[in-house]
Amino acid sequence: MPRTETETAARRIGRPFRWPAEAARHRGHRLRYRFLMFFMRRSFFRFCLLFACAACGFACPVPSSSRESDEPAGQRLVETVRSGGRPQRPPGGAVTREAMISAINAERRRAGVSPLRSDPALDRVAQERADAIAKKGALPNEAQATGALGAVQRRLAQEGYTAHGWVESIVVSDGDAPAVIAYWRGDPSFGDALRADYSDLGLGIARLGDTPLYTLLVAWPETAVYNLEVRDLTDLAAVRREMLAGVNRLRKAAGVQPLSEDARLDAAAQEHAEDMSSRGYYDHQSPEGKNVGDRLHAEGYVWRLAAENLAAGHFTVESALDAWMKSSGHRANLLHKDVTDFGFGIAVGPMESKYRVLWVQTFGAPLAD
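Residues numbered from 1 in each chain as written. Predicted model: local features only at pLDDT ≥ 70, side-chain atom pairs only at ≥ 80, totals over all residues. Heavy atoms only, no water.

Trainee: Requested: an account of the overall build of the chain, with residues and values cited.
Mentor: Within the chain one finds eleven helices and 14 strands. Residues counted as buried form 51% of the 369 residues belonging to the chain. At a minimum sequence separation of 6, the contacts of the chain that also span at least 24 residues come to 74%. Here the chain displays about 16,700 Å² of accessible surface, and carbon together with sulfur accounts for 52% of that area. (Helix = DSSP H or I, 4+ residues; strand = E, 2+ residues; numbered from the N terminus. Buried < 20%, exposed > 50% of the residue type's maximum accessible area, 1.4 Å probe, protein only. Contact = heavy atoms within 4.5 Å. Areas by Shrake-Rupley, 256 points an atom, 1.4 Å probe, with all protein chains shown as cover.)

Shown next as structure tokens:
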């Protein structure tokens, strides 16, 4: 009997950078630079970079004189987390960490979305970015900004944060928290920071010249996306009904008899799905050498014909069936005219698991009495 296997994971399609023309913003000695990285990882991969800087050029240091007198300086100094994990005070004149987070979340509440959570991993990466820019004494130029995207992504991964999407904004501005937010509000990245799907925030604070510099990382964790993708797979009985209906619809179109659900085949399929998920393998044969026939016998099903289909990486019944139908071996099992009974099992593992979602179809025909 055919015992083939398939695994169709989501495809990532790279797209080139796009550099849209944007109006530069420059108010006295205050200069703002920001870029945005946002990527989606479902059936596509999108990479978009937006860059804005002052008319005087890209690698522009902030002047150390000519402070604007109409904007208040920062308030009290409090401890904040800098690179290395040591509590530090924010630079003189900078808005406190708590005040900035509170001001950002006040804007989100006004927009009708949930507040952001402060994330330690994002904080560390954001602070490293702020410290690196402050040490250089100038905002990144275009080439450096492009290279920074990959570097930030790698640092997030090193810190254990897997992002489905993230936005970084770098704002150089004096004034209290409402003044900084008001200045940031005029930039497109501010709208991205108010997106309902973003939930985590990292904040870095430094100085560029005599002006406070803020790096803000707003992110959407991959775990949140994964939990949404598998949400509809947690009702095993409902998924089984949908799968059997889909199989019989395909068999009807092929002119063969429908299958009947068999609890023994269901149990064998479910046991194999959970065993593969818990032990991290993907095969019709267990590490002990047991195959589909052995599993059916163990459930008390005496068969004359037994077959099995496996799939991994799908999030819908339709997607799994489509992959199976595109494979000759799996298609032969699905449309076999001699099988009469059907069983199905599914195991949804954590996002960090090797195969995440494992699908098992079991087909059988009993031995005649």
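There is more to say after this.
Trainee: Could you give an account of the packing of helix H1 (residues 97–110) against helix H4 (residues 177–185), with specific residues and numbers?
Mentor: At a closest axis distance of 9 Å, the pairing of H1 and H4 adopts a crossing angle of 50 degrees. It follows from the interaxial angle that H1 and H4 lie oblique. Our pair here, H1 against H4, has a crossing hand that is right-handed. Contacts between H1 and H4 involve Ala 99, Met 100, Ala 103, Ile 104 and Glu 107 from the former and Ala 177, Val 180, Ile 181, Trp 184 and Arg 185 from the latter. In the contact of H1 with H4, the residues fall into eight nonpolar, no polar and two charged. (Axes fitted to C-alpha atoms, helices over the stretch in contact; angles between N-to-C directions. Parallel < 35°, antiparallel > 145°, perpendicular 65-115°, else oblique. Left-handed = near helix turned anticlockwise from the far one by under 90°. Nonpolar A, V, L, I, M, F, W, Y, C, P; charged D, E, K, R; others polar.)

Trainee: How would you sum up the packing of aromatic side chains? Please name residues and give values.
Mentor: Applying the stated criterion to the full structure yields four aromatic pairs. On the basis of an interplanar angle of 50 degrees and a centroid distance of 5.9 Å, the ring pair of Phe 344 and Trp 359 is categorised as tilted. Taken together, the residues Phe 344 in strand E13 (residues 341–348) and Trp 359 in strand E14 (residues 357–366) connect sequence positions 15 residues apart. What makes Phe 344 buried here is its relative accessible area of 0%. (Phe/Tyr/Trp six-rings, centres within 6.5 Å; stacked < 30°, edge-to-face > 60°.)

Trainee: Describe the environment of Ala 347, and please don't skip the residues or the numbers.
Mentor: Mapped onto the secondary structure, Ala 347 falls in strand E13. Judged by its relative accessible area of 6%, Ala 347 falls in the buried class. Sequence separation of Ala 347 and Thr 234 is 113 residues, and the distance between their C-alpha atoms is 9.0 Å. Aside from chain neighbours lying at most four places away, what touches Ala 347 is Ala 273, Glu 274, Ser 277, Arg 356, Val 357 and Leu 358.

Trainee: Go over the pattern of salt bridges, please, and point to the residues and values.
Mentor: A side chain with one charge can pair with a side chain of the opposite charge if their charged atoms come near. Enumeration according to the criterion identifies 16 salt bridges in this entry. With a shortest N-O distance of 2.5 Å, Arg 195 and Asp 197 are connected by a salt bridge. Arg 195 sits in the partly exposed class, given a relative accessible area of 28%. On the basis of relative accessible area, Asp 197 is assigned to the partly exposed category, the value being 24%. A salt bridge links Glu 288 to Arg 279; its shortest N-O distance comes to 2.7 Å. (Salt bridge = Lys/Arg side-chain N within 4 Å of Asp/Glu carboxyl O.)

Trainee: Residue-level account of the environment of Glu 271, with values.
Mentor: Position of Glu 271 among the secondary structure elements: in helix H8 (residues 263–279). Among the residues examined, Glu 271 registers a relative accessible area of 39% and is labelled partly exposed. Each C-alpha atom of the pair Glu 271 and Gly 345 lies 7.5 Å from the other, and the pair is 74 residues apart in sequence.

Purely spatial values, then, with no claim about function.
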